[in-house]
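Examining the three-dimensional arrangement
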Amino acid sequence: MHEARELRSLDGARWRVALSLTVAMVVLYFGFLLLVAYGRRVLAVQLAPGLSLGILLGALVIVASWLLTWVYVRWAATHYDPEVEALSREPRR
């Protein structure tokens, strides 16, 4: 019974982390889309020849998705996976 509680707790932590990162990505992505839809003048600002704010922000959305994925993989590798492995090694009663 103790193992089941630990496994449920671990599963809850995984869901919290995954949902938090998903919400962050959705906010970034849809925030960018709303800016494309309603803030075209802002996105058209030229930062350098051939580089507008819109291009920079679009690239940053892509980089942010990579970083959020890295955060999840890092969390899973350092917290989730070792705990699941430890639980699977415990003798069953």
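We now turn to the structure provided with this report. Since this is a predicted model, take the numbers as computed values, not measurements.

Looking only at helices and strands, the chain features 3 helices and 2 strands. At 20 Å, the chain has a C-alpha radius of gyration far larger than the 12 Å of a compact globule built from 93 residues. Across its three principal directions, the C-alpha atoms of the chain cover 65 × 20 × 10 Å. When each of the 93 residues of the chain is scored for burial, the buried share is 19%. Within the chain, contacts between residues separated by at least 24 positions form 63% of all contacts whose residues are at least 6 apart in sequence. Looking at the chain as shown, the accessible area adds up to about 7,200 Å², and 68% of this sits on carbon and sulfur atoms. Treating the 10 positive side-chain charges of the chain as one cloud and the 7 negative ones as another, the clouds have centres 11 Å apart.

This part is about the pattern of salt bridges. Close approach of charged atoms allows side chains with opposite charge to pair. For the structure shown, the criterion picks out 2 salt bridges. Arg-14 is the partner of Asp-11 in a salt bridge, and the nearest nitrogen-oxygen pair spans 3.0 Å. Pair noted here: Asp-11 and Arg-14 are both in helix α1 (residues 2-38), with a separation of 3 residues, about one helical turn. Residue classification places Asp-11 among the partly exposed residues on the basis of a relative accessible area of 30%. What makes Arg-14 partly exposed here is its relative accessible area of 22%.

This part takes up the environment of Ala-13. Along the chain, Ala-13 turns up in helix α1. Among the residues examined, Ala-13 registers a relative accessible area of 19% and is labelled buried. Between the C-alpha atoms of Ala-13 and Leu-35, which are 22 residues apart in sequence, the distance is 33 Å.

Another point: the packing of aromatic side chains. Evaluation of the coordinates by the stated rule reveals 3 aromatic pairs. Taking the centre distance of 5.3 Å and the plane angle of 80° together, the rings of Tyr-29 and Phe-30 count as edge-to-face. Exposure remark for Phe-30: the relative accessible area of 45% places this residue in the partly exposed category. Seen in terms of ring centroids, Trp-75 and Tyr-80 are 5.9 Å apart; in terms of plane orientation they differ by 25°. Their pairing is stacked.

Conventions and cut-offs
- Residues numbered from 1 in each chain as written.
- Predicted model: local features only at pLDDT ≥ 70, side-chain atom pairs only at ≥ 80, totals over all residues.
- Heavy atoms only, no water.
- Helix = DSSP H or I, 4+ residues; strand = E, 2+ residues; numbered from the N terminus.
- Rg over C-alpha atoms; globule rule 2.2 N^0.38 Å.
- Buried < 20%, exposed > 50% of the residue type's maximum accessible area, 1.4 Å probe, protein only.
- Contact = heavy atoms within 4.5 Å.
- Areas by Shrake-Rupley, 256 points an atom, 1.4 Å probe, with all protein chains shown as cover.
- Lys, Arg positive; Asp, Glu negative; His and termini not counted.
- Charge placed at Lys NZ, Arg CZ, Asp CG, Glu CD.
- Salt bridge = Lys/Arg side-chain N within 4 Å of Asp/Glu carboxyl O.
- Phe/Tyr/Trp six-rings, centres within 6.5 Å; stacked < 30°, edge-to-face > 60°.

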